[in-house]
Amino acid sequence: MTTEWSHPIVLANVPAGGKELRLAAPAEALSAIAARLGLPAVASLEATLALKPAGGGRIGVTGRLRGAVTQECVVTLAPLAAMVDEEFAWRLLPPGEEPSDGDDDPDDIPSDESGVVDLGEELVQQLALGLDPYPRAAGAEIPPEHAGGAHGPFAALAGLKPKG
């Protein structure tokens, strides 16, 4: 799989005392990330990560992601500058280990058969999760003809229904 931003890490190479990383997506990857996520632009994407062995070949990761993006208002389609700034926790799994479904557990990230996880790809996915799904410009309102009630092809049919 080809990714827009790749930063592979071999789980077995994380030292027993852990490892701190500061990663930033290169400028040439930002436009490809924007295209993948359906955004007009991604100005920056960076993260700090703390990796610590967690037993059984697993690696615990805590981190913070920051990204400056441009989204489109869902009402006007005007470009909106937005910041994604969130903390996250992952558990990198050794080859062959299946993710668990615990609600309070960190997100499980499986490694490939060589015990490698692409942190760049995982950070792009984390950015996607942090985006506002319905960005709206200040003062943007849905036109009255589309606010509430029936609209679209079935609105006319609703008007034909006998009242009472």
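Keep in mind it's a predicted model, so treat the numbers as computed, not measured.

J.: So what exactly am I meant to see when it comes to the pattern of salt bridges here?
T.: Oppositely charged side chains can form a pair if their charged atoms are brought close together. Counting across every chain of the model gives seven salt bridges. Salt-bridge contacts for Asp85 lead to Arg64; the nearest nitrogen and oxygen are separated by 2.7 Å. Here the residue Asp85 occupies a position in strand 5 (residues 79-93), and Arg64 occupies one in strand 4 (residues 59-72), the gap between them amounting to 21 residues. Accessibility expressed as a relative area gives 40% for Asp85, which makes it partly exposed. Looking at Arg64, the relative accessible area reads 29%, which means it is partly exposed. With its nearest N and O atoms 2.7 Å apart, the salt bridge here joins Asp108 to Arg91. Of this pair, Asp108 sits in strand 6 (residues 107-110) while Arg91 sits in strand 5; the two residues are 17 residues apart in sequence, bridging distant segments of the chain. Of the two residues, Asp108 and Arg91, both sit in the buried class.

J.: Sorry, what's going on with the pairing of strand 3 (residues 41-53) here?
T.: Note on strand geometry: in a regular strand, side chains alternate between the two faces of the sheet. Bridging between strand 2 (residues 19-24) and strand 3 involves six bridges; their strand directions are antiparallel. Looking at the pairing, Lys19 lines up with Leu51 of strand 3. With twelve bridges connecting them, strand 3 and strand 4 associate as antiparallel partners. Bridge pairing links Ala41 to Thr70 in strand 4. Here strand 3 folds back onto strand 4 in antiparallel fashion, the turn holding five residues, of which Gly55 has a positive phi close to 85°.

J.: Where do I start with unusual backbone geometry in this structure?
T.: The backbone of Leu77 shows a phi angle near 65°, a positive value even though the residue is not glycine. You can see Leu77 is positioned in the loop between strand 4 and strand 5. Note on Leu77: relative accessible area 57%, which makes it exposed.

J.: I keep staring at helix 1 (residues 27-37) and nothing clicks. Help me out?
T.: By the burial criterion, the buried members of helix 1 are Ala29, Leu30, Ile33 and Ala34. Taken around the axis of helix 1, the buried residues stretch over an arc of 145°, which confines them to a single face. Facing away from the buried side of helix 1 by over 90 degrees, the exposed positions are Glu28, Ser31 and Ala35. On its buried face, helix 1 sits against strand 3 and helix 2 (119-130). Gly38 lies just past helix 1 and shows a positive phi near 70°.

J.: Is there a simple way to think about the sheet that holds strand 4 in this case?
T.: In a beta sheet, neighbouring strands pair by backbone hydrogen bonds and run either parallel or antiparallel. Overall, mixed pairing links the five strands, which are arranged 2-3-4-5-6 in an open sheet. Strands with a single pairing partner mark the edges of an open sheet, and in this sheet they are strand 2 and strand 6. Ignoring which end each strand starts from, the neighbouring axes of this sheet average 25° apart. On the sheet, helix 2 packs against strand 2, strand 3, strand 4, strand 5 and strand 6 and is oriented at approximately 130° with respect to strand 5.

J.: Sorry if this is basic, but what is going on with the environment of Pro26 here?
T.: Within the fold, Pro26 resides in the loop between strand 2 and helix 1. Distance in space between the C-alpha atoms of Pro26 and Ser44 is 8.5 Å, their sequence separation being 18 residues.

J.: In this structure, what is going on with the side chain of Gln126? I would like to understand it.
T.: Structurally, the position occupied by Gln126 is in helix 2. In this structure the side chain of Gln126 is engaged in a polar contact, spanning 3.0 Å, whose partner is the side chain of Trp90. For Gln126, the residues in contact, after removing those within four places along its chain, are Leu65, Glu86, Phe88 and Trp90.

Conventions and cut-offs
Residues numbered from 1 in each chain as written. Predicted model: local features only at pLDDT ≥ 70, side-chain atom pairs only at ≥ 80, totals over all residues. Heavy atoms only, no water. Salt bridge = Lys/Arg side-chain N within 4 Å of Asp/Glu carboxyl O. Helix = DSSP H or I, 4+ residues; strand = E, 2+ residues; numbered from the N terminus. Buried < 20%, exposed > 50% of the residue type's maximum accessible area, 1.4 Å probe, protein only. Pairing = 2+ DSSP bridges. Arc of directions from axis to C-beta. Contact = heavy atoms within 4.5 Å. Axes fitted to C-alpha atoms, helices over the stretch in contact; angles between N-to-C directions. Polar contact = N/O pair within 3.5 Å; in protein donor to acceptor, adjacent residues only side chain to side chain.

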